[in-house]
Every structure is written in structure tokens, then in C-alpha cells.
Amino acid sequence: MNTTVLWRPTGPEELELVRASGWRAWPPRLPDQPIFYPVLNEEYAVKIAREWNVPHSGAGYVTRFHVETEFVRRYPVRQAGGRTILELWVPAEELEELNQHIVGEIEVVHEFR
């Protein structure tokens, strides 16, 4: 099975919910969060964790996870700024299905305070 590596910058509250899932799933989006957006490169995830999560909640984490490539192809790559600022936009109502296609565990690879 082929997998695609995705990255997700996150704060401590979301990370605690991921931990509670046994590192296997992302929590449902809040009502004001219609899209779940994992990113396609580590550098962009680090930038968001440092520049947004740390000032907003005192800590920022970068996670890495693998999703079945065949499944993730349904989401077009979105360029959210510069050439390397690439995201997938997963509608909130499809997040549970995305979680079912995660291979292995969600890993914390960086922590910033």
C-alpha cells in the first residue's frame, strides 16, 4: 500500500484529543472550522506551529502522519501562498473518513514553546 506523508501544525488542545484517540485520529472540527488542512511539507508546518500556535496557545507542535495515497488523491493540492506553501483542504464532514485511511500513528516531530 502506498502512503502519502502529511504534516499538521497543532496546539495543545487538539494534540490532547489526538493523544486520547491513541494517536490514530484527528478530532472533529469545531463549528467555526469547516476545513481540516494538513500540509505537504515539514517546513511550512514548523512555520505555522512557531508563528501561530505558540503565540495563540503557548505551545505549538508539528505532527506527521501517513494516509493511503489512493484515498488522499481526492483532495487537490492548494497553494496557500508561496511556492512551497501547500495544503490539502479536507471538508470537516469528511474528516472521519480521512481518519479511517491513516496508516500507523500520528507522531509529534517538533515542539515549540
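Residues numbered from 1 in each chain as written. Predicted model: local features only at pLDDT ≥ 70, side-chain atom pairs only at ≥ 80, totals over all residues. Heavy atoms only, no water.

I keep staring at the layout of surface pockets and nothing clicks. Help me out?
Leftover empty space is mapped by rolling, across the atoms, a probe with the size of a water molecule. Considered as a void within the structure, the largest pocket measures approximately 630 Å³ in volume. Lining the largest pocket we find 22 residues, and of these R8, E14, R29, Q33 and W52 sit closest to its centre. Per element, the largest residue contribution to the lining of the largest pocket is 5 residues, and it comes from helix α2 (residues 42–57). When its residues are assigned to classes, the lining of the largest pocket shows 11 nonpolar, 6 polar and 5 charged. (1 Å grid on protein atoms, 1.4 Å probe; cavity = no way out; pocket = protein on both sides within 12 Å on 5 of 7 lines; lining within 4 Å. Points joined across faces, edges and corners; volume = space filled by probe spheres on them. Helix = DSSP H or I, 4+ residues; strand = E, 2+ residues; numbered from the N terminus. Nonpolar A, V, L, I, M, F, W, Y, C, P; charged D, E, K, R; others polar.)

Mind showing me how you'd approach the side chain of R8 here?
With respect to the secondary-structure elements, R8 resides in strand β1 (residues 3–10). Here R8 falls in the buried class, since its relative accessible area comes to 6%. There is a polar contact of 3.4 Å between the side chain of R8 and the backbone oxygen of Y37. (Buried < 20%, exposed > 50% of the residue type's maximum accessible area, 1.4 Å probe, protein only. Polar contact = N/O pair within 3.5 Å; in protein donor to acceptor, adjacent residues only side chain to side chain.)

Please explain the sheet that holds β1 as it appears in this structure.
Pairing in this open sheet of 3 strands is antiparallel, and the strands run β1-β3-β7 from one edge to the other. Only two strands of the sheet have a single partner each, and these edge strands are β1 and β7 (102–112). On average, adjacent strands in this sheet sit at an angle of 20° to one another, irrespective of strand direction. Pairing geometry for β1 and strand β3 (residues 60–68), over 8 bridges, is antiparallel. Bridge pairing in β3 links W7 to R64. Contacting β1, β3 and β7, helix α1 (residues 12–20) runs over the sheet at an angle of about 135° to β1. (Pairing = 2+ DSSP bridges. Axes fitted to C-alpha atoms, helices over the stretch in contact; angles between N-to-C directions. Contact = heavy atoms within 4.5 Å.)

So yeah, pure geometry; function would need other evidence.
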